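Here is how the chains run, residue by residue.
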Amino acid sequence: MFGTVSTGSGPKTWTFGPISVEWYGAGAGATVTDVVAPSHPSASDTARPAPGPPSASARRAVRGGIMGNYVDQFDIFLPIIALAPAAAHLYGTENMVTNAGLIFIATLVGRPLGAAVFGSLADRIGRSRTTQITIAGVALTTLLIAAVPAHGLLGAGTLLLIVALRFLGGIFIGGGYTAAVPLAMEWAPPRRRGLVSGLIMWMSPWANASIAALVFVLLGALGADRYADWGWRVPFLLGGLMALGLLVYYRRYVVDTSPTDAPVPARPRHPLREILFGAYRKQLWQVFVLMSGMWLFTNMAVAVLSGQLKTSDSLDDQRVAFTMFVATAASAVTMAACGQLSTLVGRRRFFVAFGLAAAVLAPVLYLAVFRQGAGPGLVLLVAGLHVVTVSVYGPVGAYLTERFPAAVRSSGYGVAYSLSIVLPALYPYYLPPLQGLLGQYGAVAALLALAGALVAVGAAAGPRVSTRHPLR
């Protein structure tokens, strides 16, 4: 589940699917600083696992970050995909679209709040301990949703209960990546930080594809009626159990403490205040612009495109699902590659170049999709659109971690990543008026161009960040 690690003298390699990450220990002639550079303040060592050799601690933290993001993303996509076939059974037949939207909004609102609360906590008491708290919360809220009574028993209370649990779950999800991803980046070797970021971020499309495949299998095995009656609970049960397994892993293997004698930076009493109003506010708003462009890419190239393909006369639901699956797989691979590429060329240069290229290519590919009939050509065009848009997420974990110092790193990472979701997610309100002006497809093409411009401008406004030195 967490990959395999080679043994013996010399460089050690952790293999995860088609990707191998090389970790250099003393046997390769490297020093400890080649392997690990966590420098953020840690909590007391009481009840913590033994750190072990630096290379081992690094591998454990990186595995935790990768699998933790998979669990988080799995939980994020669950209500969107798994509850859709059971909507009438759970919410009643009236206002099903509105009710589903309430569940999405509840999660959306909870994530920035969780990032603010738990990011500050991670900066003060340690990232590993905070990750454990948030994972436990994700597990609990997800399992409780699996046990929610149906509409026939509670009526409107079923919807209200799911909305409340999704709000709480969103808080814990927002806090989870706020602590776990910076921790993995702090342990990662500097020359591999971009690749590790790509491996963490590519878990989002794989989580989405996993849920879609699971729901597809369950619907085929159980039928629509039994799935709506109880089958939808299976994905939530699985999500909760995965979170519990991750909690055990963090408690037993992942530590904050640095094996070096590097000085521990002073901890601010109010990291969130420093991020929003203090010395680091300029960094926050710079990465906010960058991330807003990325989330706009996601909404236009994934959510809106999927809906428009479903309304196309030439595609049925099965073909749309296959097309989006191929595109998701393609973007996952290129996402990991983009993470490593950003280390080779520099993060700022990568984002500026990617944003400018996407501002031109994404609208062209998007418009070409709707001039292409069903067939392999359409699949390739949609996959190409995903590659030139959502692949940009590859270096994000590394870049946001590098933009903030250790004392406020989780607060900066979490707020920048989560707060920037909100405006792009409000597209159902501003896209229709824009379509009235520019047409159904022209409006989306324009927003894709805007997304690329935001990525480029946001990156250009920031400084060059260190990609080959330990984090401080």
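Everything in this summary refers to the structure shown in the same document.

Calculation criteria
- Residues numbered from 1 in each chain as written.
- Predicted model: local features only at pLDDT ≥ 70, side-chain atom pairs only at ≥ 80, totals over all residues.
- Heavy atoms only, no water.
- Helix = DSSP H or I, 4+ residues; strand = E, 2+ residues; numbered from the N terminus.
- Contact = heavy atoms within 4.5 Å.
- Areas by Shrake-Rupley, 256 points an atom, 1.4 Å probe, with all protein chains shown as cover.
- Core = buried A, V, L, I, M, F, W, Y, C linked by side-chain atoms within 4.5 Å.
- Buried < 20%, exposed > 50% of the residue type's maximum accessible area, 1.4 Å probe, protein only.
- Salt bridge = Lys/Arg side-chain N within 4 Å of Asp/Glu carboxyl O.
- Phe/Tyr/Trp six-rings, centres within 6.5 Å; stacked < 30°, edge-to-face > 60°.
- Axes fitted to C-alpha atoms, helices over the stretch in contact; angles between N-to-C directions.
- Parallel < 35°, antiparallel > 145°, perpendicular 65-115°, else oblique.
- Left-handed = near helix turned anticlockwise from the far one by under 90°.
- Nonpolar A, V, L, I, M, F, W, Y, C, P; charged D, E, K, R; others polar.
- Expected span 1.5 Å × (residues − 1).

1. So, the overall build of the protein chain
Tallying secondary structure elements over the protein chain gives 19 helices and three strands in all. Partitioning the intrachain contacts of the protein chain with sequence separation of at least 6 by distance along the chain shows that 82% fall at a separation of at least 24. Accessible area of the protein chain: about 18,700 Å², with a carbon and sulfur share of 66%.

2. Side note on the nonpolar core
Membership of the largest hydrophobic core comes to 125 residues, with the highest contact counts inside it found for Met294, Phe351, Val392, Tyr393, Val396, Tyr417 and Leu448. The dominant element in this core, judged by the number of residues it contributes, is helix H11 (residues 281-310), at 13 residues. Aside from chain neighbours lying at most four places away, what touches Tyr417 is Arg111, Tyr177, Met201, Met291, Trp295, Val396 and Leu400.

3. What about the pattern of salt bridges?
Where charged atoms from two side chains of opposite charge approach closely, those side chains can pair. Summed over all chains, the structure comprises six salt bridges. Among the salt bridges present, the one from Glu186 reaches Arg127, with a minimum N-O distance of 2.9 Å. Of this pair, Glu186 sits in helix H6 (residues 156-187) while Arg127 sits in helix H4 (residues 127-146), and the two are 59 residues apart along the sequence. Two residues, Glu186 and Arg409, come together in a salt bridge whose shortest N-O distance is 2.7 Å. Highlighted residues: Glu186 in helix H6 and Arg409 in helix H16 (residues 409-419), separated in sequence by 223 residues. Through salt bridges that share partners, Asp123, Arg127, Glu186 and Arg409 make up one connected network.

4. What about the packing of aromatic side chains?
This structure, assessed with the given rule, holds 17 aromatic pairs. Measuring from centroid to centroid gives 5.3 Å for Tyr249 and Tyr253, while their planes differ by 50°, and the two rings are tilted. You can see Tyr249 and its partner Tyr253 sitting in helix H9 (residues 233-253), four residues apart, about one turn around the helix. Residue classification places Tyr249 among the buried positions, given a relative accessible area of 7%.

5. Here we look at the side chain of Thr389
Within the secondary structure, Thr389 sits in the loop between helix H14 (376-387) and helix H15 (396-403). The residues touching Thr389, leaving out its near neighbours within four places in the chain, are Phe297, Ala301, Phe354, Ala362 and Leu448.

6. Observations concerning the packing of H4 against H9
In a pair of packed helices, the angle between the axes and the distance between the axes together describe the arrangement. Where H4 meets H9, the closest approach of the two axes is 8 Å, and the angle between their N-to-C directions is 160°. Put simply, H4 runs roughly antiparallel to H9. For H4 against H9, the interelement crossing comes out left-handed. Residues Ser128, Thr131, Gln132, Ile135, Ala136, Val138, Ala139, Thr142, Leu143, Ile145 and Ala146 of H4 form the contact with H9, whose participating residues are Arg233, Phe236, Leu237, Gly239, Gly240, Leu241, Ala243, Leu244, Leu246, Leu247, Tyr250 and Arg251. A per-class count over the contact of H4 with H9 returns 15 nonpolar, six polar and two charged.

7. Remarks on the environment of Ser120
Within the secondary structure layout, Ser120 lies in helix H3 (residues 96-125). Owing to a relative accessible area of 11%, Ser120 belongs among the buried residues under this scheme. Through-space distance from the C-alpha of Ser120 to that of Ile275 is 9.7 Å; in sequence the pair is 155 residues apart. Leaving out residues up to four positions away in the same chain, Ser120 has contacts with Ala115, Pro271, Leu272 and Ser411.

8. What about H14?
Compared with an ideal rise of 1.5 Å per residue, which puts 12 residues at 16 Å, H14 spans 16 Å between its outermost C-alpha atoms and is within 8% of the ideal. For H14, every residue scored as buried is listed here: Leu378, Val379, Leu381, Val382, Ala383, Leu385 and His386.

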